[in-house]
Amino acid sequence: MHRLVRSIGAVSARRPWIVIGAWLIAAALVVGLAGTVGGSFADDFAAPGSQSEKAMELLDERFPEASGGSARAVFAAPEGQRLERYRPAVEAAVARIAAVKHVTGVTDPFTAGTVSRDGRIGFAEIAFDRPDTELGAEPIAEVAGVLEPARAAGVRAELGGDAAFVNAEPATSATDAAGLVAALVVLLVAFGTVVAALVPITLALVTVAAGLGGIALLAATMDVSGAAPTIGAVIGLGVGIDYALFITARYRENRAAGQDGSTALADAMGSAGSAVLFAGGTVIVAMGALLLTGLGFLISVGISVSIVVLFAVGTALTLLPALLSVLGDRIDRGRLTRRRRPVKQAADTAWWRHAHRVSGRPWPYLIAASAVLLLLAAPALSMRTGFPDAGDDSPSTTHRRAYDLLSEGFGPGFNAPLLLVADLRAPGVDARGIPALSELLAADPGIATVGTPRTSPGGDTVVLPAVPTTAPADTETSQTLERVRGLVPANVSVSGLTAMTDDLTRQLDATLPIFVAAILVASFLLLMLVFRSIAVPLKAVVMNLLSIGAAYGVVVAVFQWGWLADLFGLEGTYLIASPLPTIFFAILFGLSMDYEVFLLSRIREEYDATGDNAESVARGMASSGRVITSAALIMTAVFLSLVLNASPLAKMLGLGLTTAIVLDATLVRMVLVPAAMALMGRANWWLPRRLDRRLPHLNVEHAGDAPRTPRPASRTEAPTKG
């Protein structure tokens, strides 16, 4: 592998302007195509094979008028007043809504009787010609815009309902730029020069621009989740900077050791570049495992992130060597700190001393670090998952304000409508039994009201709406859904967004163990191929599980238990969003394996040269510790931008990612790795000979690529006389 990457880097360095021009043209082409033929984003919440999916498929086939999306324009008079006083403004707003594209019908609150008992709050039911998940953000934004004149007349006017919630534009925040600035500061400290710090930032921006363009083009061929661009951009910034950081740091290290520019670059590509290729492949494998869930929106997130990571690897292996070749000695321009003298011996660094300190007393360090991680992970045992609803979103969004008004005027269950679909061609209830079915539903204590049934033009399908007494994410609503499904005949299916997300949560919980096992097995096999060891990949898998479990525990403690809620700007407690444990695991396992590959590759390189287990760990940490720490700080800065976002869901994602990266870079890499490798000794690199002969060889680092430094006597060796 190292020869291939070295060759790619050499070709790029020999023809730098061609490579740079090709990347600029390619990026501009992808972004341009995304703006012209790129698709819109839509979340597919259907759980394959579920009752809710079957019901929606039946409606699409026989009763498309009833399968269209719906939203609610909610109007509220000031406190102490009645909405009737503002009737002209409300009716004018209804007329404007009817003229919006994709709107097939809209009701008048006053003639439809959808005004609250106190007369202050009312809503207009809006029907669209497309399902909620296929509507897109444009019609929703247009409807929200035509409500502005009503607000000017003194009425509170908000847009809510399923279509508004599903197609809401993701919140943007200046904190995204703050994360990029923080990353630049870390690079300035790590490299000490402005030019060297700007190189990884440049590559990350190219990666994100091309990656987001690729995601938009993907959306033209399949349903892509609205969360995919946000997640892709965050991961793209992180890995784009980190991959360029690892290669640039190795290049400058080689130059500082006396190599000329071309040799330093070739050796950096053959060593750190190979690690980048393998690390990026590991992330792609982890994200690709999302296909195992069978869930459309998670599959789209996995493919989207993989596209961005592919661009990150591509820029690191081709554009970066071209830029470094063009810059030459100018890579050290804009120096902010005094030039460090080259370190002649690994024993001169704090990392070397720390590694020997840990390996000298491995059991106390191993037990203490493991205890901390297990303690942090403990809350995860009580994790309760559920799908977020509009009531969990930020009050700054119109769909959240509409949600609150509907709950106030009509009860919390009004935001969680159920849709019962009866297939009259199948055995069970017939047309004459629908009134009795309505009475049966109304008698359930969890059902507030049952609406008027609608029959398809063919007379073979009936739709019966029902409103629960509790909110969408309430556990009692799930219990009501289960009771209703147990009450109705076999030819009646229960759907609606609430039922769909409940089915989705159940399927995610069921597939998570399979998903996790697949990633663990694939990662173990890949690491075994690269490092020719049984113990090293097993250790990596266990330690990554510990750091990810701790991240789960912190998220549960903050969001589900409410610890430090004020610090994070949370209004209350939340269920853990059911897609997040799966997304967390895929992203975090991939990223943590990045650091594992970069550290272990340096350790293995030293072990091949010295044969001393303790010394190879110490020298590996000494040579890569500063760079890995800088990379982790950059990831932390990028992920913290999500924590500062107004959306609780974004905060949840950001806190989990940040926690895992911090723990991985501190307790895992600085304590658990040297302690465990000290205890295992030569067993770290043991692989049965028969297996070794049969396995293909995938070399990441090549000891001959890097300049060698004198090996100091380890603490277990006596110095030899010269």
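In the block above lies the structure referred to throughout.
My aim in this report is to walk through the structure given alongside it, one point at a time. (Residues numbered from 1 in each chain as written. Predicted model: local features only at pLDDT ≥ 70, side-chain atom pairs only at ≥ 80, totals over all residues. Heavy atoms only, no water.)

**Considerations on the overall build of the chain**
- Scanning the chain from terminus to terminus reveals 26 helices and eleven strands.
- The C-alpha radius of gyration of the chain comes to 29 Å, within 12% of the 27 Å expected for a compact globule of 722 residues.
- Its C-alpha atoms give the chain principal-axis dimensions of about 100 × 45 × 45 Å.
- Put simply, of all contacts in the chain between residues at least 6 apart along the chain, 80% involve residues at least 24 apart.
- When the 57 basic and 61 acidic side-chain charges of the chain are each reduced to a single mean position, those positions are 15 Å apart. (Helix = DSSP H or I, 4+ residues; strand = E, 2+ residues; numbered from the N terminus. Rg over C-alpha atoms; globule rule 2.2 N^0.38 Å. Contact = heavy atoms within 4.5 Å. Lys, Arg positive; Asp, Glu negative; His and termini not counted. Charge placed at Lys NZ, Arg CZ, Asp CG, Glu CD.)

**Quick word on a negative patch on the surface**
- A grouping of Glu57, Asp60, Glu134 and Asp223 is seen on the molecular surface, where their side chains present a negatively charged patch.
- Assignment of secondary structure puts Glu57 in helix α3 (residues 51-62). (Patch = residues over 30% accessible without salt bridge, like charges linked within 9 Å, V, L, I, M, F, W, Y side chains within 5 Å. Areas by Shrake-Rupley, 256 points an atom, 1.4 Å probe, with all protein chains shown as cover. Salt bridge = Lys/Arg side-chain N within 4 Å of Asp/Glu carboxyl O.)

**Some thoughts on the packing of helix α12 (residues 194-219) against helix α13 (residues 228-256)**
- Running from N to C, α12 and α13 point in directions that differ by 145°, and their axes come no closer than 8 Å. In the packing of α12 onto α13, the handedness of the crossing is right-handed. Together, Ala196, Val199, Pro200, Ile201, Leu203, Ala204, Thr207, Val208, Leu212 and Ile215 of α12 and Ala228, Pro229, Gly232, Ala233, Gly236, Leu237, Gly240, Ile241, Ala244, Leu245, Thr248 and Arg252 of α13 make up the contact between the two elements. (Axes fitted to C-alpha atoms, helices over the stretch in contact; angles between N-to-C directions. Left-handed = near helix turned anticlockwise from the far one by under 90°.)

**Thoughts on the nonpolar core**
- Membership of the largest hydrophobic core comes to 169 residues, with the highest contact counts inside it found for Ile235, Tyr243, Phe559, Phe585, Leu591 and Phe639.
- In this structure Leu591 touches Ile235, Val239, Val283, Met635, Phe639 and Ile661, once residues within four positions along its chain are discounted.
- Formed by 27 residues, the second largest nonpolar core is a distinct cluster that contains Ala71, Phe128, Ala150 and Leu159. (Core = buried A, V, L, I, M, F, W, Y, C linked by side-chain atoms within 4.5 Å. Buried < 20%, exposed > 50% of the residue type's maximum accessible area, 1.4 Å probe, protein only.)

**Overview of the packing of α12 against helix α15 (residues 296-327)**
- At a closest axis distance of 8 Å, the pairing of α12 and α15 adopts a crossing angle of 145°. Between α12 and α15 the crossing geometry is right-handed. Between α12 and α15, the residues in contact are Val195, Val199, Leu203, Val206, Thr207, Ala210, Gly211, Gly214, Ile215 and Leu218 and Ile303, Ser304, Ile307, Val308, Phe311, Ala312, Thr315, Ala316, Leu319, Leu320, Leu323 and Leu327, respectively.
- Taken together, the residues that form the contact of α12 with α15 break down as 17 nonpolar, five polar and no charged. (Nonpolar A, V, L, I, M, F, W, Y, C, P; charged D, E, K, R; others polar.)

**Describing the side chain of Gln259**
- With respect to the element layout, Gln259 can be found in the loop between α13 and α14 (261-288).
- Among the polar contacts made by the side chain of Gln259, one reaches the main-chain amide nitrogen of Ala264 at a distance of 3.4 Å. (Polar contact = N/O pair within 3.5 Å; in protein donor to acceptor, adjacent residues only side chain to side chain.)

**Considerations on the sheet that holds strand β2 (residues 103-106)**
- The four strands are arranged β2-β3-β1-β4 in an open sheet whose pairing can be described as antiparallel. Here the strands that pair on one side only, and so sit at the sheet edges, are β2 and β4 (156-160). Neighbour-to-neighbour, the strand axes of this sheet turn through a mean angle of 25°, independent of strand direction.
- As judged from the five bridges shared by strand β1 (residues 70-76) and β4, these two strands associate in the antiparallel manner. Paired with Ala76 across the bridge in β4 is Arg156.
- Sheet contacts for helix α5 (residues 87-98): β1, β2 and β3 (121-128); angle to β2, the most-contacted strand, approximately 160°.
- Sheet contacts for helix α18 (residues 398-410): β1, β3 and β4; angle to β4, the most-contacted strand, approximately 105°. (Pairing = 2+ DSSP bridges.)

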